[in-house]
Amino acid sequence: FNQAKPYEFCTASLDRTVRIWDSRKLTGKRAKPTFQMVHGLCVTGARYSPDGKYLVSCNNDCLLRIWDTAKIKNKRPNGPEPDSQVRHDTRTGRWLTKFKCEWDPKQSNVFIVGSMDRPRCVEIFGVNDDAKASRIMRLRDDYIGSVQSINVFHETRDVILSANSSGRCHVWSSEQI
């Protein structure tokens, strides 16, 4: 859900789309989304930033896409162009949990996502006022031998939790970040 517009939410789908919905307009069995953004391959996740200013999607075509939600207009057949795209290897294969970007609840312009890079790491990206994203940090540790598919920021502390598909967790404290 978009915290700035509580009636608005987004969905990500294997049909290669991110859709934005207005819950006030959901009527009947064939409701239509407000906006639809078409991607090259299936979309594994889409999330609004905590303040609702940005929307980020993660998909299997190895691009993280970021939109400034105030600029989204449906003027193209495939939906609005993203404000920025970042190359990121998201091909986890069939045995790993698919990557999803997660926003930092304390900073509305920072998100985290797993990485297929070796040595294994977790990547943190920042988004500037023009909705341009760039990697600001890689978290690495000798104890991480597998892909950290699930990552989340603590709501109030400077702590990050990373986990792999088998359930092993790694806690990053503020000294490591």
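Relevant structure appears above.
1. Regarding the packing of aromatic side chains
When we look at a pair of aromatic rings, we describe it by the centre distance and by the angle of the planes.
Reasoning step 1: The final tally for this structure, using the stated rule, is 5 aromatic pairs.
Reasoning step 2: A centroid spacing of 5.4 Å and a plane angle of 50° characterise the contact between phenylalanine 1 and phenylalanine 9, whose relative ring orientation is tilted.
Reasoning step 3: When its relative accessible area of 63% is taken as the criterion, phenylalanine 1 is described as exposed.
Reasoning step 4: Ring geometry for tyrosine 54 against tryptophan 103: centres 6.3 Å apart, planes inclined by 15°, an arrangement best described as stacked. Taken together, the residues tyrosine 54 in strand 5 (residues 54-59) and tryptophan 103 in strand 8 (residues 102-104) connect sequence positions 49 residues apart. The same class applies to tyrosine 54 and to tryptophan 103, which are both buried.
Reasoning step 5: If you follow arginine 24 out to its NZ or CZ, it ends over the ring of tyrosine 7, 3.6 Å from the centre.

2. Focus: the sheet that holds strand 1 (residues 8-12)
Reasoning step 1: Spatial strand order, 1-2-3: 3 strands in an open sheet with antiparallel pairing. At either end of the open sheet lies a strand with only one pairing partner, and these are strand 1 and strand 3 (35-38). Recorded for the sheet is a direction-independent mean angle of 15° between the axes of neighbouring strands.
Reasoning step 2: Where strand 1 lies against strand 2 (residues 17-22), 5 bridges are found, and the strand directions are antiparallel. Residue pairing across strands places glutamate 8 opposite aspartate 22, the latter belonging to strand 2.

Criteria and cut-off values
- Residues numbered from 1 in each chain as written.
- Predicted model: local features only at pLDDT ≥ 70, side-chain atom pairs only at ≥ 80, totals over all residues.
- Heavy atoms only, no water.
- Phe/Tyr/Trp six-rings, centres within 6.5 Å; stacked < 30°, edge-to-face > 60°.
- Buried < 20%, exposed > 50% of the residue type's maximum accessible area, 1.4 Å probe, protein only.
- Helix = DSSP H or I, 4+ residues; strand = E, 2+ residues; numbered from the N terminus.
- Lys NZ or Arg CZ within 6 Å of the ring centre and 35° of its normal.
- Pairing = 2+ DSSP bridges.
- Axes fitted to C-alpha atoms, helices over the stretch in contact; angles between N-to-C directions.

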